[in-house]
Amino acid sequence: MDEEKSPREIPTVDTQSLTIKIANSGSKKLSKDIFSTVLPSSHQKLIANSATSSPYNSPSLISPPSSAFVSALQSPYISPRATLVTNPTQENQPKQETPIAPTSVAHPSPPVSYCGSQSDDVPSTSYTPPPERYDFSDDPTDTKLKIVTCVPVSGPETDPRISFSFPVPRISFAKGSISPATNAKLRSCDVYIGYHGQNPNLTRFCKWLKSELELQGIACFIADRARYADNQSHEIADRVICSVTFGVVVVTSSSFFNHLSLEEIRFFAQKKNLIPLFFNTDANEIATLFDRNGDTKKCKEALDVILKCHEFRLETNESNWRSCVSKTAGILRAKLGRKSVVEKSTEGFEGLPFPRNKSFLGREKEIMEIETTLFGCGEIMGSVKGGTPGQSEGQADDESEVDAGRSKYISLEIGKNKETNKDAWVEPGRNSMKKPKYRKSRSGKDKNLGTSVVCINGLPGVGKTDLALEFAYRYSQRYKMVLWVGGEVRYFRQNILNLSLNLGLDVSADAEKERERIRSFDEQESEAFKRVKREIFRDMPYLLIIDNLETEKELREGKDLHDLIPTNTGGTHVIITTQLNQVMNFDPLQLQPLTTPDAMILIRGRRKKEYPAVEVEFLQKFDEKLGRSSFGLWLVGSLLSELAILPSALFETVNQVPVEEVTTFSNLSIPHQQFCRTNPFLMKTLVFCTALLQQSSDSRDSLASRMLQVGAWFAPAPISVNLLSAAAKKIPVNRNRFKKWTKCMKVVLCFYSGHCLTSQAWKSEEEAALLLVKLGLARKANSQTGCWIQFHPITQIFAKRKDGLVAAKANVQGARKLGNPVTDSDHLWSCAFLVFGFKSEPPVFQLKAMDMVLFIRKTALPLAISAFTMFSRCNSALELLKVCTNVLEEAEKSFVSQIQDWCHGSLCWKKKLQSNQRVDEYVWQEVTLLKATLLETRAKLLRRGGHFDSGEDLCRTCISIRTVMLGHNHAQTLAAQQTLAKLVRMRSKI
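In this text the structure is predicted, and so the values were computed from the model without any measurement.

Turning to the overall build of the chain, a few remarks are in order. Regarding its fold elements, the chain presents 34 helices and 18 strands. When burial is assessed residue by residue, the chain has 53% of its 990 residues classed as buried. Counting only contacts in the chain whose residues sit at least 6 apart along the sequence, the fraction spanning at least 24 positions is 78%. With the model as given, the accessible surface of the chain reaches about 44,700 Å², and the carbon-plus-sulfur share is 51%.

In this section: the packing of helix 11 (residues 364-375) against helix 13 (residues 464-474). One can describe the packing of helix 11 onto helix 13 by two numbers: an axis separation of 11 Å at closest approach and a directional angle of 60°. The angle between helix 11 and helix 13 falls in the class oblique. The interaxial crossing formed by helix 11 with helix 13 has right-handed handedness. Residue-level inspection shows Glu364, Glu366, Ile367, Ile370, Glu371, Leu374 and Phe375 of helix 11 in contact with helix 13, the latter providing Leu467, Glu470, Phe471 and Arg474.

Right, let's talk about the pairing of strand 18 (residues 788-791) for a bit. A two-sided burial pattern is seen for strand 18, the buried positions comprising Trp788 and Gln790 on one face and Ile789 and Phe791 on the other. Pairing analysis gives 2 bridges linking strand 16 (residues 719-720) to strand 18, with the strands arranged antiparallel. Residue pairing across strands places Ser720 opposite Trp788, the latter belonging to strand 18. In the sheet, strand 17 (residues 778-781) pairs with strand 18 via 4 bridges, with the strands oriented antiparallel. Its bridge partner lying in strand 18, Lys780 is registered against Ile789. Here strand 17 folds back onto strand 18, and the loop between the two strands holds 6 residues, one of which, Gly786, carries a positive phi near 70°.

Let's shift gears to the pattern of salt bridges. Throughout the structure, instances matching the rule amount to 34 salt bridges. Of the charged contacts in the structure, one is a salt bridge between Asp238 and Arg225, with a shortest N-O distance of 4.0 Å. Highlighted residues: Asp238 in helix 6 (residues 231-243) and Arg225 in the loop between strand 7 (220-223) and helix 6, separated in sequence by 13 residues. Judged on exposure class, the residue Asp238 and its partner Arg225 are both buried. Salt-bridge contacts for Glu366 lead to Arg363; the nearest nitrogen and oxygen are separated by 3.9 Å. No difference in accessibility class separates Glu366 from Arg363, as the two residues are buried. Among the charged side chains, a salt-bridge network with shared partners connects Arg356, Glu364, Glu470 and Arg474.

Our next topic: the packing of aromatic side chains. One pass over the structure, following the stated rule, counts 20 aromatic pairs. Between Tyr491 and Phe833, the aromatic rings sit 6.1 Å apart at their centres with planes inclined by 50°, giving tilted as the arrangement. With Tyr491 in the loop between strand 12 (481-486) and helix 14 (492-503) and Phe833 in helix 28 (residues 825-836), the pair connects residues that are 342 residues apart, well separated along the chain. Through successive ring pairs, a cluster of aromatic residues spans Tyr192, Phe221, Phe267 and Phe268. For Lys621, the ring lying beneath its charged end belongs to Phe618, and the centroid distance is 4.7 Å. Lying across the ring of Trp713, Lys800 places its NZ or CZ 5.1 Å from the centre.

Read across the open sheet, the 3 strands follow the order 16-18-17; overall the sheet is antiparallel. Strands with a single pairing partner mark the edges of an open sheet, and in this sheet they are strand 16 and strand 17.

As a further point, take unusual backbone geometry. For Asn548, which is not a glycine, the phi torsion comes out positive at approximately 60°. Looking at where Asn548 falls in the secondary structure, it is placed in strand 13 (residues 542-549). The class of Asn548 is buried, set by a relative accessible area of 18%. One non-glycine residue, Ala644, adopts positive backbone phi at about 55°. By the element assignment, Ala644 lies in the loop between helix 18 (630-643) and helix 19 (647-655).

The next subject is helix 11. The end-to-end C-alpha distance of helix 11, which contains 12 residues, comes to 16 Å, matching closely the 16 Å that a straight helix rising 1.5 Å per residue would cover. Taken together, the buried positions of helix 11 are Glu366, Ile367, Ile370, Glu371, Thr372, Thr373, Leu374 and Phe375. Those residues of helix 11 hidden inside the fold are in contact with helix 5 (200-215), strand 11 (453-457), helix 13, strand 14 (573-578) and strand 15 (589-590). Taken from the residues just after helix 11, Gly376 is the one with a positive phi, measuring 80°.

Let us look at the sheet that holds strand 8 (residues 246-251). Spatially, 5 strands are ordered 7-6-8-9-10 in an open sheet, and the strand pairing comes out parallel. Two strands bound the open sheet, and with one partner strand each, they are strand 7 and strand 10 (314-316). When the angles between neighbouring strand axes are averaged without regard to direction, this sheet yields 20°. Most of the contacts of helix 5 go to strand 7, to which it runs at about 170°, and overall it touches strand 6 (191-194), strand 7, strand 8, strand 9 (274-279) and strand 10.

Our focus in this paragraph is a nonpolar patch on the surface. Taken together, the side chains of Leu501, Val822 and Met870 define a hydrophobic patch exposed on the protein surface, amounting to about 210 Å² of accessible area. Tracing the sequence through the fold places Val822 in the loop between helix 27 (804-818) and helix 28. You can call Val822 partly exposed: its relative accessible area is 31%.

Reading the values: the criteria
- Residues numbered from 1 in each chain as written.
- Predicted model: local features only at pLDDT ≥ 70, side-chain atom pairs only at ≥ 80, totals over all residues.
- Heavy atoms only, no water.
- Helix = DSSP H or I, 4+ residues; strand = E, 2+ residues; numbered from the N terminus.
- Buried < 20%, exposed > 50% of the residue type's maximum accessible area, 1.4 Å probe, protein only.
- Contact = heavy atoms within 4.5 Å.
- Areas by Shrake-Rupley, 256 points an atom, 1.4 Å probe, with all protein chains shown as cover.
- Axes fitted to C-alpha atoms, helices over the stretch in contact; angles between N-to-C directions.
- Parallel < 35°, antiparallel > 145°, perpendicular 65-115°, else oblique.
- Left-handed = near helix turned anticlockwise from the far one by under 90°.
- Pairing = 2+ DSSP bridges.
- Salt bridge = Lys/Arg side-chain N within 4 Å of Asp/Glu carboxyl O.
- Phe/Tyr/Trp six-rings, centres within 6.5 Å; stacked < 30°, edge-to-face > 60°.
- Lys NZ or Arg CZ within 6 Å of the ring centre and 35° of its normal.
- Expected span 1.5 Å × (residues − 1).
- Patch = residues over 30% accessible without salt bridge, like charges linked within 9 Å, V, L, I, M, F, W, Y side chains within 5 Å.

Next up, the structure:
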């Protein structure tokens, strides 16, 4: 009746996690001594009886060598089979209740099953491991069944081999099974990454390593097997371990007290493909732990094995994560023959806009709080039920068993992750560790787990940007790259898309399609934005800094900051600096002014000069008058350092600045006017700096002073000195408006003329820009080519307060001359806002017809095309082109109205107009032809979004204009006709 037993009647044997047995290399026993595991006689009978009628893989689990199923079982797509060697002396004896010797048994592992839908998220490489088999030992004391790689054993002198010992039976009979192709993918990983520990930073580092290797085309499998609560997960990991080319074991102090990690070390070491990586520890520290514990023989053996790996042994700590990941990837790429894989050009590029502030001081408490918030408080103690992180082996209770059978993913992070929805993504086997949506960073809940977003709130000039910059430099090694984004509402969307240049992403608009489906502009824009978002918020750790966020709403059409920052940010951390009291649902880190000792150090300047007690009192007066603003203190310190003037003399001079100089705010918004009124002494200090720049011995207005004026109207982003000087030179030279007051200033400064900056001839454009940096009005920016600077936001507010129209016009002229749509996109958009307005804001000034033609042709049109094609800003580009068209039409109407007025006027009046205000026919022609160009460009772009009807109308108007102005056979007319033909042809295919 044994043949009629159902597989469900197979008794369950006590299961343990995967164990590895290594035979002594010096042993010279027979092959039965090489085997390290055996099945008890009672279990052998049960398996033999039940296997004879098993319906799962073949008609019989016991299959003779001549069986037709032998070839199938040896396929790499079929699970390994167990084989018992028949003792020839017992071959013809009848079957007994307890076998005297092992019998030949083929015991295939059943297919691994997935609960729910199968995942295609598996590595796919061409490597297929050799078939495996089960072996039994004749040791009656060993009760485990093991898997070994099929290596022929030639005799007793054969070297011992390593084997993975499965519990009996490690079998899953869940519904469904893995297809042969998927099973092959499971067994074709290049690298296995094993680790053990409860430190979130350890998991973060291992995921980073996996993502970096996959970026290099190396298929990886990452696992902390101590967290697995079901045999199915262990079986998948076992197969990968046996088949990978290299094994990376991330070694921590916890690894040596976990038998699974020790087995991984011994297994890969004997296969000579071990790459050990010490994480925040070293061999000496681990040896110290062994001395404090008793039974550490196996641990010491594992440590000795690691120490023998001189060539590949790696060590990492909090200061070299990035370097270690890069070095590990380089070793594996070389060993796997992937030297031809080209590394990303952005590798190692910081992405930080400014050099590190060498004068940064204080804020240690705030930096520590940010670190604790983002990286947590170290290891998480305790256990979590259901196979979640923190569960030690053997602790799976009834609740975990229920969870394991109910909703457990078995994808086990195999291979490359698909672009999944991060908001709903949960790691396999980690169901109960879901993050609550937008957990507050400073609420005190789950503090040891950390969170991924920090908001720094504070008044203007308190030092928010410097704090974020210092944190980025200190912890840059913990991130793949630092991404810096300006948060000003006018430029925020473009700044996000600009990250694609650093990340190496293609976010360009769709090319023209005549047969495939044409996506709408909204779909293309959304896809470009999501592509950047998906790249940032995945397992690859980035530090995203959003500086000076003005609003969390209306960042895109109908979108807010929640659309950018998902609930689960993956390995990425986000730091937001803002003046807003609340951002999303996070409690902001309120940044307070510097302490008195730190303020006194900062105000002394770069030279840190010691002053007598009398002068120190004036430093304290500066501190009080400036409201302990970090920007104001740094400004005064820069003046003291560069002018070599005493604090008392500087204070008296600044205090004499006329009140009217700080109470005129003709070009400022209401919030900016309020800021200037509440900080009068800071405004007086800035007036002093402006007057100082105008005391150049070369000219009435120095180049640096004019740079300051035009810099106020550029975007709050780094700007090249070439572009800045080109705009500054467009400002006409004016007499010094501080003439009366500067006579007093000259008397004060004449004593210090030997050290005064104004006695130098600042002839070079770069030297003039660096003068602004030395005085604290701007800061130098990082750039691969040329010299770039960025003005402080308070400096820009101050420089705009009066006489701004001349500087704004010079800004537009300079951008028209040297502006680059790619590198200077923010500044070109700022010029467009000055000329055409922004949303409900009117234009700052009006350009003449010919100036408008030049601006549209050289600035607006290239900017729109670049925004559309490179960054998929389809709607914004088309809106800009439409506004340009409307402006040209208004210019045409003005010409027509002037002619009509002349025709209806008196003869003498007409003669007077014709002599003095004659219409420039050349300008009129240029306006009309440029309008035709804009119409054709709009038609071509509309065609790429499927708007054929609108494009056809615009194209017909363009053809009419060019036919009248240029003729039927002109090249431009014929080109427009071809565009129209293509539009009609594509419309007919819809």
